[in-house]
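Secondary and tertiary structure notes
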Amino acid sequence: MSVYLDYNSTTPPVTGVVDAVLACLTEDFGNPSSPHAYGRRPKAVVERARRQVAAMCGVPADGVIFTSGATEANNLALKGVLTDARPVLVCCAVEHPSVLNVVHALGGRVVPVDALGVIDLNALEEAVDDSVAAVSVMIANNETGVIQPIAECAQIARAAGALFHCDATQGPGRMSVVIDADLLTVSGHKIGGPKGTGALTVRDGLALRSQSLGAGHERGFRAGTLNVPGIAGFGVAAEYTDSKRISPARRDALEARVLEIGGLVVHGRGAERMANTISFSVEGLHPAELMIGLDLEGFAVSAGAACASGTGQVSHVLQAMGSAHENAIRVSMGSTTSAADLEDLASAIEQVVERMRAV
Amino acid sequence: MARLVVAMSGGVDSSVAAAMLHDQGHEVIGIHMRLHDAEPSETSRPGRCCGEQDSQDARLVADTLGIPFYVLDLKQAFKAAVMDPFTQEYLIGRTPIPCVACNGVLKFDVLLKKARALGAEAVATGHYARIDREAGGLLTAVDPSKDQSYFLFPVKAEALDRILFPLGGLTKAQVRAEARRLGLVTADKPESQEICFIPDDDHTAFLQRSLDVSTAGAIVHESGETLGQHDGYFRYTIGQRKGLGIGYSEPLYVLAIDPATKTVTVGSDDRLHRDGLLVSGLNWFDRPAPDQIVQVRLRHRGDLLPCTVSDGDPARVALKRSGRAIAPGQAAVFYDGARVLGGGWIQEAL
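This is a predicted model, so every value here is computed, not measured. (Residues numbered from 1 in each chain as written. Chains lettered and ligands numbered in written order. Predicted model: local features only at pLDDT ≥ 70, side-chain atom pairs only at ≥ 80, totals over all residues. Heavy atoms only, no water.)

1. A look at the overall build of chain B
Heads up, the rule is: Strands here are runs of E lasting at least two residues and helices are runs of H or I lasting at least four, both read from the DSSP assignment and numbered beginning at the N terminus. The method behind every accessible area is Shrake-Rupley, applied with a 1.4 Å probe, and residues are considered shielded solely by the protein chains displayed. A residue counts as positive if it is Lys or Arg and as negative if it is Asp or Glu; His and the chain ends are not included. To locate a charge, take atom NZ for lysine, CZ for arginine, CG for aspartate or CD for glutamate.
What chain B contains, in helices and strands, is six helices and 17 strands. For the C-alpha atoms alone, the extent of chain B along its principal axes is close to 65 × 50 × 35 Å. Surface summary for chain B: the accessible area is close to 15000 Å², and the carbon and sulfur share equals 49%. When the 38 basic and 44 acidic side-chain charges of chain B are each reduced to a single mean position, those positions are 1 Å apart.

2. Overview of the overall build of chain A
Quick reminder of the rule: As a reference, a globule follows 2.2 Å times the number of residues to the power 0.38, and the radius of gyration itself is taken over C-alpha atoms. Between buried and exposed lies partly exposed: a residue is buried under 20% and exposed over 50% of the maximum accessible area for its type, with that area taken using a 1.4 Å probe on protein chains only.
Summing up its helical and strand segments, chain A has 11 helices and 13 strands in all. Against the 2.2 N^0.38 benchmark of 21 Å for 359 residues, chain A shows a C-alpha radius of gyration of 21 Å, consistent with a compact globule. Dimensions of chain A along its principal axes, counting C-alpha atoms only, are 65 × 50 × 30 Å. Out of the 359 residues in chain A, the part that is buried amounts to 58%.

3. Brief notes about the interface of chain A and chain B
Interface size is commonly expressed as the accessible area that is lost once the parts come together. The condition is simple: Every residue pair with non-hydrogen atoms within 4.5 Å of one another is taken to be in contact. Buried area adds together the accessible area that both of two parts lose upon being put together, with accessible area traced by a 1.4 Å probe. Salt bridge, as used here, is a side-chain nitrogen of Lys or Arg placed within 4 Å of a carboxyl oxygen of Asp or Glu. Whenever two N or O atoms come within 3.5 Å, that pair is a polar contact, provided that in protein one can donate a hydrogen and the other can accept it, and provided that, for residues adjacent in sequence, both atoms are side-chain atoms.
Listed per partner, the contact involves 11 residues of chain A and 12 residues of chain B. Around 1100 Å² of area is buried between chain A and chain B when both sides are counted, 62% of it from carbon and sulfur atoms. The largest share of the area that chain A buries against chain B comes from I292, L296 and V359 of chain A, three residues that together contribute 47% of it. If you look at where chain A meets chain B, you find two salt bridges. In this structure, E289 of chain A and K114 of chain B form a salt bridge, with 2.9 Å as the shortest nitrogen-oxygen distance. Counting across the chain A and chain B interface gives five residue pairs in polar contact (both at pLDDT 80 or more). Counting only elements with at least two residues in the side of chain A that touches chain B, the list comes to helix 9 (287–296) and helix 11 (339–358) of chain A. At five residues, the largest contribution of residues to the side of chain A that touches chain B is made by helix 9 of chain A.

4. Notes on the packing of aromatic side chains
Filter applied, for reference: Only the six-membered ring of Trp is used, alongside the rings of Phe and Tyr, when aromatic pairs are assigned; centres must lie within 6.5 Å, and planes under 30 degrees apart are stacked while those over 60 apart are edge-to-face, with the rest tilted. The criterion is that NZ of a Lys, or CZ of an Arg, lies within 6 Å of the ring centre and within 35 degrees of the ring normal, and then a charge sits over that ring.
Scanning the entire structure with this criterion turns up 12 aromatic pairs over all chains. Seen in terms of ring centroids, Y4 of chain A and Y7 of chain A are 5.1 Å apart; in terms of plane orientation they differ by 65 degrees. Their pairing is edge-to-face. Between the NZ or CZ atom of K146 of chain B and the centre of the ring of Y128 of chain B, over which it lies, the distance is 5.7 Å. Sitting over the face of the ring of Y335 of chain B, R297 of chain B holds its NZ or CZ atom 5.3 Å from the ring centroid.

5. A few points about the side chain of S136 of chain A
All names here are of chain A. In this fold, S136 is placed in strand 5 (residues 132–136). Note on S136: relative accessible area 0%, which makes it buried. A polar atom in the side chain of S136 sits 2.8 Å from the side chain of H165. The residues touching S136, leaving out its near neighbours within four places in the chain, are L78, V90, C91, C92, E95, V99 and H165.

6. Let's talk about the packing of helix 3 (residues 70–79) of chain A against helix 4 (residues 97–105) of chain A
All names here are of chain A. Rules: The convention used is that axes are lines fitted to C-alpha atoms, helices contributing only their stretch in contact, and that angles between N-to-C directions extend from 0 to 180 degrees. Left-handed describes a crossing whose near helix is turned anticlockwise from the far helix through less than a right angle; right-handed describes the clockwise counterpart. Nonpolar residues are Ala, Val, Leu, Ile, Met, Phe, Trp, Tyr, Cys and Pro. Charged residues are Asp, Glu, Lys and Arg, and all others, Gly as well, are polar.
Orientation of helix 3 relative to helix 4, taken along the N-to-C sense of each, is 30 degrees, at an axis distance of 9 Å. Every pair of crossing elements has a handedness; the one defined by helix 3 and helix 4 is right-handed. Of the residues in helix 4, those in contact with T71, N74, N75, L78 and K79 of helix 3 are S98, V99, V102 and V103. Here the contact of helix 3 with helix 4 is built from residues that sort into four nonpolar, four polar and one charged.

7. With respect to the sheet that holds strand 5 of chain A
All names here are of chain A. The criterion, for reference: Here a strand pair is declared whenever DSSP counts at least two bridges between the two strands.
One open sheet accounts for seven strands, arranged 2-8-7-6-5-3-4; its pairing is mixed. Looking along the sheet, the strands with just one partner apiece sit at the ends: strand 2 (64–67) and strand 4 (109–111). Along the sheet, successive strands turn relative to each other by an average axial angle of 20 degrees, direction set aside. The sheet contact formed by strand 5 and strand 6 (residues 163–167) spans three bridges and is parallel. For V135, the partnering residue across the bridge sits in strand 6 and is F164. Set on the sheet, helix 4 makes contact with strand 3 (88–92), strand 4, strand 5 and strand 6; between it and strand 3 the angle comes to about 145 degrees.

8. Digging into a negative patch on the surface
Going by this rule: Residues form patches when they are more than 30% accessible in relative terms and have no salt bridge. Like charges link within 9 Å. Nonpolar side chains (Val, Leu, Ile, Met, Phe, Trp, Tyr) link within 5 Å.
A cluster of acidic side chains, namely D114, D120, E125 and E126 of chain A, defines a negative patch on the protein surface. Relative to the helices and strands, E125 of chain A resides in helix 5 (residues 121–127).

9. Quick look at the pattern of salt bridges
All names here are of chain A. Across all of its chains, the model carries 37 salt bridges over all chains by this definition. Among the ionic pairs, D6 bridges to R330, the shortest N-O distance being 2.9 Å. You can see D6 sitting in the loop between strand 1 (3–4) and helix 1 (17–25) and its partner R330 sitting in strand 13 (residues 329–332), a full 324 residues away along the chain. Assessed through its relative accessible area of 11%, D6 is described here as buried. For R330, a relative accessible area of 2% puts it in the buried group.

10. Considering the pairing of strand 3 of chain A
All names here are of chain A. For clarity, the threshold we go by: When the strands point away from the viewer, a crossover counts as right-handed if the path from the first strand over the helix to the second runs clockwise.
The buried count for strand 3 comes to five of five residues, which makes it a mostly enclosed element. Of the two faces of strand 3, both are covered, the one formed by V88, V90 and C92 as well as the one formed by L89 and C91. As defined by bridge partners, strand 3 adjoins strand 5 across four bridges and the pair is classed as parallel. Opposite V88, over in strand 5, you have V132 as the bridge partner. In this sheet, strand 4 lies alongside strand 3 in parallel orientation, the contact comprising three bridges. Across the sheet, the residue bridging to C91 is V110, located in strand 4. With helix 4 bridging strand 3 and its parallel neighbour strand 4, the resulting β-α-β unit is right-handed.

11. Topic: the sheet that holds strand 3 (residues 69–73) of chain B
Spatially, the five strands line up as an open sheet ordered 3-2-1-4-7 (chain B), and their pairing is parallel. Among the strands making up the open sheet, the edge pair consists of strand 3 and strand 7 (163–164) of chain B. By the bridge criterion, five bridges tie strand 1 (residues 3–7) of chain B to strand 2 (residues 27–34) of chain B in an arrangement that is parallel. Residue pairing in the sheet places V5 of chain B in a bridge with I29 of chain B of strand 2 of chain B. Where helix 9 of chain A meets the sheet, it contacts strand 1, strand 2 and strand 3 of chain B, and its direction lies at approximately 165 degrees from that of strand 3 of chain B. Sheet strands in contact with helix 1 (residues 12–23) of chain B are strand 1, strand 2, strand 4 (122–124) and strand 7 of chain B, and its direction is about 165 degrees off that of strand 1 of chain B.

This is how it looks when you write it as structure tokens:
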């Protein structure tokens with residue numbers, strides 16, 4: 001098998017996750033809404049997981065709403081806070097499409113970033129007025145790893161009486177997601193849990209309108225029978241996020257080596273970045289083809305965000321940064337990525353680039 | 001054992017080509033070329049060459065075989081090399097054959113370069129044709145009813161060393177049987193006969209949308225008599241009888257299309273028979289001497305006509321047996337028995 005270096009796309013299950021999921025597909029198959037014996041166990045599983053996710057996010061357990069993933073959580077957070085008095089949403093230009101497209105669809109305001117991909121705080125200040133319901137800024141960018149000044153963004157939002165939402169999908173395991181946000185999005189499968197799980201944390205007393213009508217699951221914020229196996233796994237994964245932090249040393253060593261390749265640019269270099277991510281483009285080479293070349297040599301990296309790869313789409317993140325490159329290769333590491341893996345990757349990048357340039 | 005790229009369209013032929021090479025122990029990489037955004041079609045159905053369903057079929061075949069599979073976005077190159085010229089050809093009154101340009105440019109130039117960039121030694125496709133490894137050059141398929149050599153004339157001779165046609169020695173029935181034996185999802189998929197980027201096989205509707213100039217004009221008898229009007233000369237091709245919408249004392253056929261005056265000239269069948277033609281854009285694997293009698297094919301599945309070919313480009317082709325309805329824009333491909341000597345584009349009948 002090849003070396004997996006696409007952790008910003010998804011992560012392998014951490015210890016205990018598979019067992020927790022399996023238990024809910026076998027003996028604990030019951031519906032957590034049922035008060036009888038078969039429902040009690042899965043209900044306990046869900047509430048235990050809720051505490052685990054709450055602890056990761058530094059919020060009370062009853063502030064956690066389980067969703068089908070970060071996309072749904074982002075949609076719920078943004079659509080759910082609009083009011084007649086405050087009908088406007090503000091986000092930054094490098095947000096994930098599940099934020100950006102909501103803001104676009106509802107006619108909101110998009111704040112630019114600088115060449116390193118960091119939000120322009122002056123522009124944010126100008127964009128936020130008393131018509132704004134919420135400001136949404138991600139904790140760190142999935143494509144470049146660039147970290148946003150969350151505390152400053154929250155302050156600007158609050159000063160205008162707006163709520164602050166943070167898409168913290170990429171955060172856990174790489175940085176603390178215990179931040180001062182009214183609404184916070186996290187995802188299960190980015191932290192070693194199963195796909196199809198996510199959560200929105202909601203500050204106590206905040207008026208949030210459910211976006212799905214049905215029975216009153218999740219305190220009325222999100223209708224639908226709970227994905228118990230997924231939530232069980234999500235909870236277990238949330239327990240591990242603190243012990244998995246990785247140091248930037250390996251990323252920096254890889255970066256130093258690839259920078260020796262001529263015509264190679266590392267995106268967001270110079271900004272504060274997640275220690276696990278490096279995004280680069282090579283002059284004259286198509287990232288999708290470079291990605292294929294590396295895959296064939298046994299290295300699974302991404303050519304842009306996984307959601308967009310293969311479509312020939314231009315990265316809205318690089319575009320917002322004013323980059324001359326349409327897309328990039330993204331290497332994103334996990335806690336088990338070894339220094340040897342990265343040395344081998346650097347050699348493979350050199351070899352593949354050389355071969356592609358020779359044609 | 002070599003690293004090879006197989007162009008997997010999602011049809012049974014390229015599926016089996018990939019399977020055969022994989023079976024021979026090669027490191028096979030499946031690549032599906034995304035060539036255009038499928039236009040909305042009233043009847044989404046199989047048998048087209050690069051729709052979403054086709055790439056998923058190819059993906060499933062690759063998974064069954066256990067080979068890597070990628071979709072490459074080649075829309076820009078396809079538009080420039082195939083789609084735009086297709087429209088342009090109709091605009092200048094010709095009848096293009098886009099699959100030939102797709103082979104010459106997309107598959108055996110663009111894709112071949114990409115394959116080499118990925119460290120592959122060659123590109124394989126599911127075409128029914130053969131390559132003569134000893135003497136060099138292109139040969140017809142063993143199964144004459146499936147032979148696709150006509151569509152391959154623009155492939156550069158030097159590229160043949162880096163091309164494989166694993167199906168050239170097989171019949172279609174054998175290919176389907178092999179696909180069934182391997183349990184490939186494409187085993188019973190219908191044949192694609194249409195032009196892949198034309199929805200519903202309706203090229204006139206496609207051209208109507210693509211052309212932003214009026215191509216309407218008169219239908220004129222060769223005697224000079226105006227017989228009626230047409231609403232677009234791109235609707236006609238040389239030799240066409242049906243769809244003229246004109247009653248006349250004898251059967252009428254399209255003899256000529258003049259884009260300058262937008263006139264479609266019609267007349268009797270005997271005027272469609274010509275003894276020569278001018279061919280340009282020639283690509284030779286083995287150019288015949290000017291006095292050598294070879295055979296030429298003037299349309300897909302057309303008869304092989306004995307002829308001689310002059311020097312130069314354009315070359316004059318003297319037919320020893322007259323050809324009927326020679327349509328500018330189609331390919332003229334020259335053969336010596338099973339050997340493909342080369343080919344070019346028909347400029348005009350002489």
